[in-house]
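# Examining the three-dimensional arrangement
Here's the letter readout for the chains.
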Amino acid sequence: MGKRIVAGVDIGNSSTEVAIAIIEGGQMQFLAQHLVKTTGVKGTVENVRGIRFALQEAAGKAGLTVSQIDLIRLNDAVPVIGDLAMDLISETIITESSMIGHNPDSPGGAGLGVGTTIGIEQLLDMDTARTDDAYIVVIGKGFDFEWAAGRINLAMSRGASVTGAIVQKDDGVLIHNRLQHKIPIVDEVSLIEKVPLNKKAAVEVALPGHVIRTLSNPYGLSTVFSLTPDETIQIAPVAKALVGNRSAVVIRTAQGEVVERKIEAGRMILIGTQNRLEVSVNDGADAIMDAYERLGSVTDVQGETGTNVGGMLSGLRQDLAELTGQTPGEISISDFLAVDAVIPSSISGSMAGELAMESGVALASMVKTDKSSIHRVARSLEQELGIAIEVGGVEAEMAIRGALTTPGTRKPIVILDMGGGSTDAAMMDASGNITSTHLAGAGDMVTMLINSELALGDKELAEKIKKNPLGKVLSLFHMQLEDGTMLFSEAPFPPHTFGRVVIRGEDGLTPLPTRVSMEKIREIRRSAKRRVFVTNVLRALKRIVPTRNVKHLSFVVMVGGSALDFEIPQMVTEELGKYGIVAGFANIRGTEGPRNAVATGLVLSSIKNGGAT
Amino acid sequence: MGKRIVAGVDIGNSSTEVAIAIIEGGQMQFLAQHLVKTTGVKGTVENVRGIRFALQEAAGKAGLTVSQIDLIRLNDAVPVIGDLAMDLISETIITESSMIGHNPDSPGGAGLGVGTTIGIEQLLDMDTARTDDAYIVVIGKGFDFEWAAGRINLAMSRGASVTGAIVQKDDGVLIHNRLQHKIPIVDEVSLIEKVPLNKKAAVEVALPGHVIRTLSNPYGLSTVFSLTPDETIQIAPVAKALVGNRSAVVIRTAQGEVVERKIEAGRMILIGTQNRLEVSVNDGADAIMDAYERLGSVTDVQGETGTNVGGMLSGLRQDLAELTGQTPGEISISDFLAVDAVIPSSISGSMAGELAMESGVALASMVKTDKSSIHRVARSLEQELGIAIEVGGVEAEMAIRGALTTPGTRKPIVILDMGGGSTDAAMMDASGNITSTHLAGAGDMVTMLINSELALGDKELAEKIKKNPLGKVLSLFHMQLEDGTMLFSEAPFPPHTFGRVVIRGEDGLTPLPTRVSMEKIREIRRSAKRRVFVTNVLRALKRIVPTRNVKHLSFVVMVGGSALDFEIPQMVTEELGKYGIVAGFANIRGTEGPRNAVATGLVLSSIKNGGAT
Amino acid sequence: MSSKEIFIPIIHDAGAQYEVIREISAGLEEEGVPYRVLQRTTRNLGDLPSPLQVVIGVHDNGTVSVSHEKVKGTPYLEYSWKHARRLGKNAARLVKGLPLHLPERG
Amino acid sequence: MSSKEIFIPIIHDAGAQYEVIREISAGLEEEGVPYRVLQRTTRNLGDLPSPLQVVIGVHDNGTVSVSHEKVKGTPYLEYSWKHARRLGKNAARLVKGLPLHLPERG
Ligand SMILES: Nc1ncnc2c1ncn2[C@@H]1O[C@H](COP(=O)(O)OP(=O)(O)O)[C@@H](O)[C@H]1O
Ligand SMILES: Nc1ncnc2c1ncn2[C@@H]1O[C@H](COP(=O)(O)OP(=O)(O)O)[C@@H](O)[C@H]1O
Ligand SMILES: [Mg+2]
Ligand SMILES: [Mg+2]
């Protein structure tokens with residue numbers, strides 16, 4: 001029995017990890033490890049390229065060449081694949097222009113003005129004898145602020161009553177400063193041509209740091225417009241939509257109507273082994289997950305055809321079919337996770353590009369596929385490298401073996417492998433029996449939620465937000481960090497970061513293209529992590545713990561890419577702490593942190609499995 | 001039928017409100033109104049003083065004297081009185097010093113150090129031959145930073161390994177800057193004399209804006225201290241308690257133990273007309289309110305004797321007995337509201353004044369009392385003023401009559417009277433029938449929650465926080481407001497406000513004595529409002545709407561002091577908007593906003609009731 | 001320090017167009033920051049004392065700039081005349097600590 | 001602007017005790033803000049140019065002060081010598097925008 005070099009290779013959906021050890025006289029010593037991005041879809045021969053590269057790098061670190069490796073052990077990965085989708089369940093539509101509620105940086109004046117809309121160019125033509133009429137002037141971008149202010153002053157001096165203004169350019173303060181009688185002015189109304197003239201309108205501007213109180217109150221609107229009770233009921237959604245704004249304009253048009261439409265999001269049909277349950281997506285994620293829990297497990301999930309969820313699920317099926325090379329009909333969903341999501345979307349019919357925070361549901365789902373095979377990968381790798389390849393034990397077992405190298409752990413133990421597409425959990429009981437489960441929803445779903453809820457339209461940026469703490473550049477030389485500490489810089493921050501919330505990544509500062517505050521972004525980031533991982537950890541534990549009572553567990557060890565996150569493991573530690581469970585991220589072999597569990601397990605099991613003896 | 005001057009007087013728990021009108025030829029015209037703080041307990045003759053003052057002021061505004069008033073109408077207030085209490089349900093106790101987890105502004109260095117604790121004065125005495133020992137130096141306030149740094153440098157130059165330091169004064173950076181080999185330093189450890197010497201300890205400091213990752217992970221602790229699985233289980237609560245800190249020290253003492261104790265908060269016994277339900281306070285407010293909802297209504301509530309809730313409820317009973325002049329035995333609780341509360345309390349056994357965010361329950365409760373009588377007040381007032389006094393209809397009816405003067409409203413209508421001690425609701429159906437209810441919990445409970453969750457110990461300040469938006473003074477001349485806008489001041493902000501979160505009240509800026517961020521304070525303020533008022537509004541509606549389905553309502557009008565709040569009405573508008581209900585704060589008589597509803601109703605009903613015809 | 005002493009100086013070369021200075025002023029005024037216009041050489045503006053540490057320059061070569069007392073050498077911002085309003089706005093926002101509105105091209 | 005040019009000047013009268021200046025420096029250093037010590041008259045410190053707009057004075061009359069370029073007239077903070085460390089700390093915190101640690105009595 002000489003000395004042997006053994007490598008473990010773990011092919012994940014996102015990452016391929018390698019560990020190399022030397023075995024001599026029954027003694028094992030780990031020499032190196034490496035991680036690369038998985039090339040191609042997991043379980044296909046395209047993986048070989050990434051594996052070879054990872055082996056080269058790891059061997060290099062160990063002072064070896066790949067050809068010195070005696071045995072390569074691959075994990076027998078469970079062929080599950082996940083995908084993500086997201087859709088609205090409510091929508092705000094304004095038919096006929098009737099509301100502008102936005103927060104320009106610098107509106108003019110403060111207070112409430114009520115009157116009839118009139119173009120600034122018509123202001124002096126009107127019948128100034130009718131002095132009991134009040135006017136709201138509408139000022140398009142063609143007009144200079146001096147001229148506009150002069151016009152208003154002149155009209156007022158002739159006895160007209162001008163009570164407010166709606167301005168297209170960023171001229172609110174400029175006009176206000178030039179008025180003899182001050183009025184509230186809402187500016188930066190980009191689509192001013194949609195503002196109807198000769199209609200009754202109200203303009204409200206609150207003091208800095210305050211929000212409007214009259215136009216956001218249905219009875220404020222009814223007072224302003226002398227509405228009947230029936231009209232009040234009709235206009236109430238406008239008040240609701242204006243809650244929280246610093247400035248707003250409401251214009252009464254006869255046909256004007258604001259509809260907050262509940263989209264018929266449709267029903268999901270959850271098919272179990274015995275029976276099926278239907279649940280309306282409009283009831284939200286909790287109701288969907290409750291139905292799922294009542295059902296126990298699913299063999300497939302369908303969406304009512306012709307509805308949003310129908311479209312969403314057939315999109316998923318399509319994606320998954322493409323990924324796995326099956327036909328959409330062959331795909332059956334083995335698990336899913338629904339979480340509530342806030343989706344900012346532009347109000348159709350708005351006049352200043354206002355966004356409504358609509359509610360929606362995000363769905364992660366997972367299918368089993370038989371088209372991927374580790375054995376094909378193994379054969380191809382063996383051919384290419386000319387080294388003996390062995391397909392090791394079940395992935396779950398390998399992960400547990402690796403995780404048990406974390407100091408302070410022992411059987412019975414639970415591992416949570418928190419990856420990109422799935423959250424996998426496995427439990428080894430006191431006698432070594434293993435149960436495992438694969439749940440849809442992990443790091444990529446967190447990224448999707450962040451991307452959507454901040455309206456970024458940029459997955460890379462969302463991924464970066466997920467992984468790094470934030471700062472806000474307060475001055476040329478100071479930055480406030482998330483925890484309130486101030487960082488003092490010697491070089492001035494560049495203009496594109498000034499005053500902005502920035503991601504503090506390893507490659508420097510990335511400014512965020514959003515007006516959302518640092519605290520709100522942090523809150524969205526943390527809530528996305530909680531919605532996905534805390535939910536999934538509890539779901540996973542319920543599945544693999546025979547008594548379904550998580551209080552009976554003692555050690556829970558987190559591994560995988562998302563266990564590297566700077567806050568997810570702490571959230572899980574806190575949550576499971578409530579049940580008296582010791583949960584934390586792994587420290588594989590006392591040095592590797594939450595990485596390399598499966599690769600380490602593969603190497604370790606080469607002794608018992610006779611590979612090296 | 002000549003002209004008559006009629007005054008309506010509404011005596012509330014907090015405020016006494018007056019309205020004065022002139023009635024002539026069947027026409028009524030309101031002349032003036034006024035509000036004062038209620039003098040004495042509602043329904044007692046002490047109220048007369050406040051009433052007289054309010055009448056004088058209102059008459060003055062109307063250009064009248066009190067003696068010109070022909071008739072005063074008082075409301076027949078429902079004799080309910082409320083009280084508040086709050087208690088912990090969990091507690092963190094450290095027996096034997098073993099953990100310091102705090103966030104000094106300026107710790108020194110970054111990273112993790114593990115070693116044996118040693119006093120700085122002993123550092124050169126130790127056996128430097130034993131070079132495999134590592135040390136954590138403990139530096140009391142008697143030692144100068146230059147001297148301390150010199151000592152450490154000398155010891156290191158002699159071959160000792162010093163891996164971290166624990167410092168009493170704010171000297172972390174000063175010492176760090178003078179070291180030849182950098183180590184992490186936790187400073188401002190006020191109770192340093194409690195740090196045990198000659199024990200294994202770990203010091204961790206994270207980079208600015210980051211949090212520690214090793215000492216807040218149970219497996220990090222087991223790696224650092226080479227713990228067995230059993231020891232890991234024991235130390236796990238320490239990891240949980242350190243989650244979110246920028247710096248921490250953990251010291252292993254043989255007997256050291258951190259216990260997160262669930263206080264046996266006890267059981268509440270809810271007594272209904274038919275049966276009774278018991279619920280454990282440890283299950284939290286939701287469980288308690290669920291039990292209440294299952295029971296339907298209570299005739300009394302008791303707390304398990306000898307437990308926290310027992311003490312809390314008997315305290316309430318005592319308070320209420322004193323207020324109403326009854327014996328504690330006569331008091332029976334007719335309604336209560338339990339809400340979850342976070343109570344920051346100092347960890348017993350901590351070494352740097354650390355606070356733990358313990359969970360607790362806040363309870364508002366309400367009793368009926370027969371000892372207060374409006375008729376006694378009426379007699380006393382009549383004697384003093386020599387003006388005819390009439391006790392008007394039921395308070396709920398008066399409030400609805402007043403509320404119906406809000407433009408855009410009609411029967412069927414619901415009013416929510418959101419006061420200080422109680423949230424009262426009344427509904428008038430299409431045929432004019434009225435049902436009403438009185439719920440415990442309103443503005444004062446919000447104030448209590450804010451006071452507790454920010455650990456202010458100052459009710460006045462909490463009340464001020466409740467009523468006003470915040471700002472943060474960022475520089476001598478700039479302040480950031482809650483919504484992110486910047487205010488630019490001409491005079492420098494005074495030193496006591498510099499860098500602080502301030503309340504922007506009418507009387508200027510009040511700095512808050514807390515390190516909590518503006519966003520967190522805002523969040524606590526808003527969440528307290530939501531927990532009390534959104535909960536109570538839904539409870540109230542369920543009670544007074546016959547079908548118990550709030551979707552059948554159309555108009556909901558908010559009145560009372562808390563309807564003046566700058567955000568509560570919007571929260572209710574948003575919440576009820578989900579059910580398609582038009583909700584907003586009243587605009588009594590089209591001018592008075594949410595104030596003066598009952599007083600206005602009292603005056604209005606003088607016509608129908610024959611008082612003035 | 002009275003309000004009279006808080007302002008941003010706008011220093012312009014002799015050839016500066018009135019319209020450019022007016023637009024810069026409008027940008028400052030809309031953001032609520034006072035200013036004073038002075039003709040002088042527009043070289044080394046960063047060395048000029050300024051109560052708000054910021055100096056605006058209107059240069060004969062068709063550019064407008066914002067220099068900051070603490071940023072030596074080149075101006076912190078420099079645009080062409082046609083972005084004068086935006087430059088004034090950004091100078092004010094620099095003082096107020098608000099994100100700048102950067103033009104698509106200089 | 002290089003790190004050498006960012007600092008708070010500590011200006012002291014001839015009679016200033018070493019210990020007082022050392023404590024002020026320690027307060028500044030703990031908060032991470034550089035400083036330079038200079039002997040000069042300590043009158044009208046607010047008029048002195050300072051890269052961080054803040055000047056510290058150590059006065060013969062037993063007081064220490066922080067003046068700010070934008071706050072004319074009286075110093076923004078003024079304590080007795082025994083609060084020297086705190087004064088240095090607060091001068092740094094003023095620059096960093098952090099809440100000051102005010103002494104119970106001046
Ligand atoms: N440093 C990190 N912080 C937070 N998340 C991370 C970090 N590194 C990787 N991830 C996340 O981990 C996920 C991939 O995990 P991994 O274990 O590599 O996946 P798989 O097991 O599917 O191959 C991705 O969602 C990625 O965003
Ligand atoms: N401007 C305001 N903003 C918020 N809350 C207010 C305001 N004015 C009064 N309140 C609150 O209203 C409550 C008293 O309401 P009120 O209707 O006067 O009570 P009651 O009906 O019991 O006499 C108190 O909790 C007080 O804090
Ligand atoms: Mg503007
Ligand atoms: Mg310090």
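Before reading further, recall that the structure is shown in the block above.
Each chain has its residues counted from 1, following the order in which its sequence is written. Chain A is the first chain written and ligand 1 is the first ligand written, with later ones labelled in order. For this predicted model, a pLDDT threshold of at least 70 governs which residues receive local features, and a threshold of 80 or more governs which side-chain atom pairs are given and counted, while totals over whole chains, interfaces and linings are taken from all residues. Values reported for side chains reflect all heavy atoms of the structure, with hydrogen atoms and water molecules removed beforehand.

### Quick word on the overall build of chain C
Helix numbers and strand numbers start at the N terminus; a helix is a DSSP run of H or I with at least 4 residues, a strand a run of E with at least 2. Looking only at helices and strands, one finds 2 helices and 5 strands in chain C. Seen in sequence order, chain C has helices and strands lined up from the N terminus as β-α-β-β-β-β-α. Just to be clear, the radius of gyration here is over C-alpha atoms, and the globule rule we use is 2.2 Å times residues to the power 0.38. A globule of 106 residues ought to have a C-alpha radius of gyration of about 13 Å, and chain C, at 12 Å, matches this closely. Principal axes of the C-alpha set define a box for chain C whose edges measure 35 × 25 × 25 Å. Whether two residues touch is decided by their heavy atoms; if any such pair falls within 4.5 Å, the residues are in contact. Sequence-distant contacts, at least 24 apart, represent 53% of the contacts inside chain C between residues at least 6 apart. Per element, the accessible surface of chain C, about 4400 Å² overall, is 52% carbon and sulfur. Note on areas: these come from Shrake-Rupley sampling with a 1.4 Å probe, and a residue is covered only by the protein chains present in the view.

### So, the site of ligand 2
Residues and elements named next belong to chain B. The criterion for a residue being near a molecule or strand is simple. One of its heavy atoms has to lie within 4 Å of it. Around ligand 2 sit 17 residues, and of these Ser14, Ser15, Glu463, Lys466 and Gly561 come closest. At 3.2 Å from an oxygen atom of ligand 2 is found a main-chain nitrogen or oxygen belonging to Asn13. Whenever a nitrogen or oxygen atom comes within 3.5 Å of another N or O atom, the pair is scored as a polar contact, on the condition that within protein one atom can donate a hydrogen and the other can accept it, and that pairs from neighbouring residues in sequence are kept only if both atoms are in side chains. Note that an oxygen atom of ligand 2 is positioned 3.2 Å from one of the side-chain N or O atoms of Asp444. Isolated, ligand 2 exposes 580 Å² of accessible area, and the fraction of that covered by the protein chains is 84%.

### What to know about the interface of chain A and chain B
Between chain A and chain B, the residue contacts involve 56 residues of the former and 56 residues of the latter. Once two parts are brought into contact, the accessible area they lose, counted with a 1.4 Å probe and summed over both, makes up the buried area. For the pairing of chain A and chain B, the buried interface totals around 4400 Å² over both sides, and the portion due to carbon and sulfur atoms is 60%. Put simply, a salt bridge is a Lys or Arg side-chain nitrogen that is within 4 Å of an Asp or Glu carboxyl oxygen. Our enumeration of links across chain A and chain B arrives at 2 salt bridges. Here Arg410(B) makes a salt bridge to Asp230(A), at a shortest N to O gap of 2.9 Å. Scanning the region where chain A abuts chain B turns up 20 residue pairs in polar contact (both at pLDDT 80 or more).

### Here's the deal with the interface of chain B and chain D
With 25 residues of chain B at the interface, the matching set in chain D holds 20 residues. Area buried by chain B at its contact with chain D is led by Leu476(B), Pro495(B) and Phe498(B), which between them contribute 29% of it. Put simply, chain B and chain D have 6 salt bridges between them. In this structure, Lys89(D) engages Asp170(B) in a salt bridge whose closest nitrogen and oxygen atoms are separated by 2.0 Å. Run the count over chain B and chain D and you get 13 residue pairs in polar contact (both at pLDDT 80 or more). Looking at the side of chain B that touches chain D, the elements that each hand over two or more residues are α2 (145-157) and α3 (172-177) of chain B. For the side of chain B that touches chain D, the element with the most residues is α3(B), which contributes 4 residues. A breakdown of the residues in the side of chain B that touches chain D according to their chemical character gives 11 nonpolar, 5 polar and 9 charged. Under this grouping Gly is polar, as are all residues other than the nonpolar Ala, Val, Leu, Ile, Met, Phe, Trp, Tyr, Cys and Pro and the charged Asp, Glu, Lys and Arg.

### Notes on the packing of helix α12 (residues 518-544) of chain B against helix α13 (residues 568-577) of chain B
All names here are of chain B. At a closest axis distance of 10 Å, the pairing of α12 and α13 adopts a crossing angle of 50°. With respect to α13, the element α12 is oriented oblique. When you trace α12 past α13, the crossing you get is right-handed. Each of Arg526, Lys529, Arg530, Phe533, Val534, Val537, Leu538 and Leu541 in α12 lies in contact with α13, whose residues at this interface are Ile568, Met571, Val572, Glu575 and Leu576. Split into classes, the residues belonging to the contact of α12 with α13 amount to 9 nonpolar, no polar and 4 charged. Geometry is summarised by axes, namely lines fitted to C-alpha atoms with helices restricted to the contacting stretch, and by angles between N-to-C directions that run from 0 to 180 degrees. The cut-offs work like this: below 35 degrees is roughly parallel, past 145 is roughly antiparallel, 65 to 115 is roughly perpendicular, and the gaps in between are oblique. Crossing handedness follows the turn of the near helix against the far one: under a right angle anticlockwise gives a left-handed crossing, and clockwise gives a right-handed one.

### Quick notes on the relation of the copies chain A and chain B
Only residues with pLDDT of at least 70 in both copies contribute their C-alpha atoms to the least-squares superposition of the copies. Aligned on chain B, chain A shows an RMSD of 0.0 Å; the corresponding rotation is 180° and the shift along the axis is 0.0 Å. What the superposition gives is, in effect, a two-fold axis relating one chain to the other. Among all residues of chain A, the minimum C-alpha distance to the rotation axis is found for Glu519(A), at 3.4 Å. Of all interface residues in chain A, 100% are interface residues in chain B too; the two copies therefore contact each other through one and the same surface.

### Focus: the site of ligand 1
Residue and element names in this part refer to chain A. Around ligand 1, the surrounding shell holds 17 residues, and the nearest of these are Ser14, Ser15, Glu463, Lys466 and Gly561. Within the side chain of Ser15, an N or O atom sits 2.3 Å from an oxygen atom of ligand 1. Contacts to ligand 1 include Arg595, whose side-chain N or O atom sits 3.2 Å from an oxygen atom. In the complex, 84% of the free accessible area of ligand 1, which totals 570 Å², lies under the protein chains.

### Let's talk about the sheet that holds strand β16 (residues 276-280) of chain B
Residue and element names in this part refer to chain B. For two strands to be treated as a pair, DSSP must find at least two bridges joining them. As summarised here, the arrangement of the 3 strands in space is β16-β15-β17, forming an open sheet in which the pairing is antiparallel. Of all strands in the sheet, those with a lone pairing partner are β16 and β17 (300-303), marking the two edges. The average undirected angle you get between the axes of adjacent strands in this sheet is 20°. Seen against the sheet, helix α6 (residues 285-295) touches β15 (267-271) and β16 and runs at an angle of roughly 170° to β16. Those strands touched by helix α7 (residues 308-324) are β15 and β17, and its axis lies near 135° from that of β17.

### Focus: empty space enclosed by the protein
Only protein atoms enter the 1 Å grid used here, on which a cavity is any set of points holding a 1.4 Å probe that cannot leave and a pocket is any open set flanked by protein within 12 Å on both sides along at least five of seven lines; residues with an atom within 4 Å of a point are listed as lining. Grid points are joined across faces, edges and corners, and a volume is the space filled by probe spheres set on the points. Counting across every chain of the model gives 6 cavities of 30 Å³ or more. For the lining of the largest cavity, the secondary structure elements donating two or more residues are β26 (486-488) of chain A, α2 (84-96) of chain C together with α2 (84-96) of chain D. The residue inventory of the lining of the largest cavity, partitioned by class, reads 19 nonpolar, 10 polar and 4 charged.

### A closer look at the coordination of the magnesium ion (ligand 4)
A donor here means an N, O or S atom no more than 2.8 Å from the metal, or no more than 3.2 Å when the metal is Na, K or Ca. Since water is not included, a site may seem to lack partners. In this structure, Ser106(B) (O), Ser106(B) (OG), Asp170(B) (OD), Asp187(B) (OD) and Glu30(D) (OE) serve as the protein donors to the magnesium ion (ligand 4), at separations of 2.0 to 2.2 Å. On the criterion of sequence distance, the pair formed by Asp170(B) in the loop between β10 (161-167) and α3 and Asp187(B) in the loop between β11 (185-186) and β12 (200-205) is long-range, its members being 17 residues apart. Both residues of the pair, Asp170(B) and Asp187(B), belong to the buried class. Working definition: with a 1.4 Å probe on protein chains only, accessible area under 20% of the residue-type maximum means buried, over 50% means exposed, and in between means partly exposed.

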